[in-house]
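What follows is the residue order along each chain.
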Amino acid sequence: VILTRSDPILPLARLRGTMMMAELRNEDLRFSQTEAASLIYQIVDARVEDGMIELLEARTEGWAVGLQLAAVLLRASNDRSEFADQFANSSHQWVMEYLVDETLMKLDDEWRSTLLNLSLLDRFSGDLLQEAVLSSPEPDVGAAILRSLVRANLFLIPLDEQGVWYRFHHLFQEMLRHRLKQGSTLPLRQAVYHKASIWYERQGLLEEAIAHALLAADHQRAVRLIEQNLHVAMNAEDWRRIDRWLGRLPVERTASPGILVAAAVLEHFRHHINATADLIEKAAAMIEQERQVGQGDEARQQEWSYWLGAVYVFRAQHRHFLGEADACIHFATEALTLLPQEWRFLRALAEFSRISGLQQAGRTADAVRYARQRLEEQRSSPDQMTLRIFLGLGAIYHSVPDTFALEQLTPAFIQLSSDLDRPISLGWAHYLRGWMLYQSAQVADAESHFRIVVQDAHRVHLRAAIDSYTGLALTLAAQGRFDEAKAAVDG
C-alpha cells in the first residue's frame, strides 16, 4: 500500500494494463453529500440543516480535510447563518492556513510563483499556461509543467477526458489568489490577464478574450475585439451575445462608433425606434469628429466608412418609420456602397429598407421586381440577405394584402430561417404565415404559428412578438375562446 500525494516512480501504465494495481484518485476520495453529512454530524455532534451540508459539500467539493475543518469551525460558531454567509463568500482562515502548510510552503520559489500566477485563470491548458504565466519561447514547456502539476496532485480538477483543460480546486485557488494579492502588484496580475486575452483571441475564443481584456483593465482592447467581431454576431442575429458584450463594458468606455452601433442594433431588435436613432446620430457625430482628427490613416478611414455605412442603414430605417420614402431609399443605397460584403446582416437591412422605401413611395411594382431580382441573385447561396428580402416581400404582400403570394412565400421563409438558425427571421416568418392563415379563415392553423412566435418571444424581434400576441388573441377569439384571447392580450 502506497499513500502519496504525487505519482510514485513506478511503471504505473504497465501495472494498470496487467491489472496488478488498484488506484484511488481524487474523484474516488471525494465525499458524496451523504458521506459529508455523516462526517459533519460526527464532528458537530448535533443536527445540521440539509442546506448547510449542501453548502459545505459544494464549497469544499467533497474534499475530506476541507469538510473536517469546516465542521470544526461550524461547531465553534455561535451563529450558523453568519458562518454560512462567510463560508459561502470566502474561504475561512483555517482552511487557508492548512492549504498553505500542506502545499505552498513546501514548493520552491519558481513553482510557487507559477502556481500563484496560474490561480488568476479559472481554467487553463498547457498552451495557455505557457503563454500567460511562463512567457516561455521553448516549445511544449507549458504542457510539461502542467503534467508535473497533475502528477504532484496540486488540487487540479480535469475538465475534459483528454486531459487538456484543468482548473484548481476552488478553495485552493482562493488561497493562491489571496497570497498573490499580498505579494504582487496589480499591474503584474493584469499582465497575466492581458497575455491570456491575446492567447484566447488567437484560438478564436472571443468571449474569453474579451473577459480577460477587461480583467486586465484594457478596455480599449475589449472594445476593439467587440468592434471587430460585431458583424459576426449580427449576421447570426445573436443580439443576446451583443447585449452580453456591452453589459461587460464600463459605461464610460462605450464611447466609440462601433460600440454605439452595437447599442443601436440592440435597440433595433427591441423595437426602440427613437433610442436607435439617437445612438446612430451620436455615432455619426463621433465618426465625423474622428475623421477630422485622424486624416491620413488609411486603415482607420476605411473602418470609419464601415461604421458610416451602419449609420446609413439605421437612418434609412428611421426615415421609413417617419414616412420619408425618398430619404429611406437614399440612405439604404448609400449604405450598400459603404458596407463590406461580409457584413451580411447590415447589408440585408439596407436591402430591406430599399424595398420598403420603394413601396412607401408608391412604387410597389418596382419594389417587388427589385426584391425578386435580388432573390434570384441569392438562389445558389441563400443566407441572411435572402431572409431579409423574404421579409421585405412578405411585408409588401402583408400590406397589399396578397394572401396567395404569402402562401407561396412563407414556407420557404420558414424553412430557410430554420436551416440557418436565425431566430429573428424565423419569428417574422411564422408571424407572416399566421397572418395569411388568419386572413384565409384557417384560424386553428394560424394559432399554431402565432404560438410559435410568442413561445420564443425572448429571441424574436419585439415587434414580431407584439403582433403575434395580437394575432393569437384574434385567432382564439374567432374560435370562441375568449378567456384565452384575453390572456393573450394581457401577455
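To start, this report covers the structure provided alongside it. Quick caveat: nothing in here was measured; it's all calculated off a predicted structure.

Cis geometry is adopted by the peptide bond preceding Pro401, which originates at Val400 and carries an omega value of -10°. Tracing the backbone through its elements, the reader meets Pro401 in the loop between helix 22 (384-399) and helix 23 (403-420). Despite not being glycine, Ala217 shows a phi value in the positive range, around 60°. Counting through the fold element by element, Ala217 comes out in the loop between helix 13 (206-215) and helix 14 (219-235).

Looking now at the pattern of salt bridges. Under the definition given, this model contains 30 salt bridges. Linking Glu447 and Arg481 is a salt bridge whose minimum nitrogen-to-oxygen distance equals 2.9 Å. Of this pair, Glu447 sits in helix 25 (residues 443-455) while Arg481 is found in the loop between helix 26 (462-478) and helix 27 (482-490), placing the two residues 34 residues apart along the sequence. A residue is classified by how much of its surface remains accessible, and Glu447, at 10% relative accessible area, is buried. In this structure, Glu484 and Arg451 form a salt bridge, with 3.8 Å as the shortest nitrogen-oxygen distance. Separated by 33 residues along the polypeptide, Glu484 in helix 27 and Arg451 in helix 25 bring together distant segments of the chain. You can call Glu484 partly exposed: its relative accessible area is 37%. One network of salt bridges, in which partners are shared, links Glu207, Arg241, Arg244 and Arg248.

This brings us to the packing of aromatic side chains. Inspection of the entire model under this criterion finds 12 aromatic pairs. Ring centres of Trp307 and Trp343 lie 5.2 Å apart, and the angle between their planes is 55°; on these two criteria the pair is classed as tilted. Of this pair, Trp307 sits in helix 18 (residues 298-321) while Trp343 sits in the loop between helix 19 (325-338) and helix 20 (344-360), and the two are 36 residues apart along the sequence. With respect to burial, Trp307 and Trp343 carry one shared label: buried. Taken together, the aromatic side chains of Phe124, Phe168 and Phe172 make up a single cluster linked through ring pairs. Stacked on the ring of Trp165, the Lys or Arg Arg123 has its end atom at 4.0 Å from the ring centre. Sitting over the ring of Tyr370, Arg354 keeps its end group 4.7 Å from the ring centre.

Thresholds, definitions, all that
- Residues numbered from 1 in each chain as written.
- Predicted model: local features only at pLDDT ≥ 70, side-chain atom pairs only at ≥ 80, totals over all residues.
- Heavy atoms only, no water.
- Helix = DSSP H or I, 4+ residues; strand = E, 2+ residues; numbered from the N terminus.
- Salt bridge = Lys/Arg side-chain N within 4 Å of Asp/Glu carboxyl O.
- Buried < 20%, exposed > 50% of the residue type's maximum accessible area, 1.4 Å probe, protein only.
- Phe/Tyr/Trp six-rings, centres within 6.5 Å; stacked < 30°, edge-to-face > 60°.
- Lys NZ or Arg CZ within 6 Å of the ring centre and 35° of its normal.

Any link to function would need more than the numbers given here.
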